[in-house]
Amino acid sequence: MERSLVLVKPDGVQRGLVGEVVARLERRGLRLVAAKFLAVSQELAETHYAIHKGKPFYEGLIAYITSAPVMAMVWEGPNAVAAIRQTMGATRPTEAAPGSLRHDFALEVGRNLTHASDSAENGEKEVALWFKPEELVDWTREVDRWVFEK
Ligand code: IDP
Ligand code: MG
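Notes on the structure in this doc start here.

Observations regarding the side chain of D144
Thinking step 1. For D144, the location among the structural elements is in helix α8 (residues 144-147).
Thinking step 2. Residue D144 is classed as buried on the basis of its relative accessible area, which comes to 9%.
Thinking step 3. Among the polar contacts made by the side chain of D144, one reaches the side chain of R31 at a distance of 2.5 Å.
Thinking step 4. Among the polar contacts made by the side chain of D144, one reaches the side chain of R141 at a distance of 2.6 Å.

See below:
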């Protein structure tokens, strides 16, 4: 089963959109594996966004993600990475598909509400960075067979 890290970034938390993000992922059929509310340290922010180091928006991105608490979650499901990124919408809200979170709730790339892993491999890496193994809940739902084909 594919897994993705999902963050409701500081703007999403401040705007009271944690429930909206969770509701959309739940109704999509994805299964919650872990969740915690935390203030992101400088070190965690820099490790998480290491790939963007040196880009013009890097300093602002680190300041943004450490500016206020975030809701960090792990969600799983078949094709979870693609499904979640589709539910979030494109990075730039003005390019996000109508009906996606970033389309429906955001305007600017530097205030785009959420983070989601961009590959299954990065999903595993990001989950390991943000969560301890004992924080991940292994469970099944009665409805799983009506959502997951296998
Ligand atoms: P993603 O979050 O959709 O995966 P990435 O390209 O990985 O997008 O960029 C990480 C985050 O960096 C974006 O979500 C956004 O918050 C921020 N970001 C990306 N490009 C820009 C930019 O051009 N200006 C300001 N912030 C940006
Ligand atoms: Mg990314």
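Here the narrative resumes.
Digging into helix α5 (residues 80-88)
Thinking step 1. Listed in full, the buried residues belonging to α5 are A80, V81, A83, I84, T87 and M88. Projected down its long axis, α5 shows its buried positions confined to an angular sector of 165°, all on one face. Structural note: α5 exposes A82 and Q86 on the side pointing more than 90 degrees away from its buried face.
Thinking step 2. For α5, the secondary structure elements touched by its buried residues are β1 (2-8), α2 (18-28), β3 (70-77), α6 (101-105), β4 (114-116) and α7 (120-130).
Thinking step 3. Downstream of α5 by one or two residues, G89 has phi in the positive range, about 95°.

So, the environment of T140
Thinking step 1. Within the fold, T140 resides in the loop between α7 and α8.
Thinking step 2. In this structure T140 comes out as exposed when scored by relative accessible area, which is 66%.

Some details on the sheet that holds β4
Thinking step 1. Strand order in the open sheet formed by four strands is β2-β3-β1-β4, and the pairing between neighbours is antiparallel. Pairing within the sheet leaves two strands with one partner each, and these edge strands are β2 (31-38) and β4. Across the sheet, the mean angle from the axis of one strand to that of its neighbour is 15°, orientation sign disregarded.
Thinking step 2. Two elements, β1 and β3, share seven bridges in a ladder whose sense is antiparallel. Within β3, the residue paired with V6 across the bridge is M73.

A word on unusual backbone geometry
Most of the time, phi is negative for any residue but glycine, and the peptide bond is trans.
Thinking step 1. Not every positive phi belongs to a glycine, and N79 is a case in point at roughly 55°.
Thinking step 2. Note on placement: N79 falls in the loop between β3 and α5.
Thinking step 3. Taking the relative accessible area as the measure of exposure, N79 reaches 54% and is therefore exposed.
Thinking step 4. Despite not being glycine, L113 has its phi angle at roughly 75°, a positive value.
Thinking step 5. A relative accessible area of 3% means that L113 is categorised as buried.

Basis of the calculations
- Residues numbered from 1 in each chain as written.
- Chains lettered and ligands numbered in written order.
- Predicted model: local features only at pLDDT ≥ 70, side-chain atom pairs only at ≥ 80, totals over all residues.
- Heavy atoms only, no water.
- Helix = DSSP H or I, 4+ residues; strand = E, 2+ residues; numbered from the N terminus.
- Buried < 20%, exposed > 50% of the residue type's maximum accessible area, 1.4 Å probe, protein only.
- Polar contact = N/O pair within 3.5 Å; in protein donor to acceptor, adjacent residues only side chain to side chain.
- Arc of directions from axis to C-beta.
- Contact = heavy atoms within 4.5 Å.
- Pairing = 2+ DSSP bridges.
- Axes fitted to C-alpha atoms, helices over the stretch in contact; angles between N-to-C directions.

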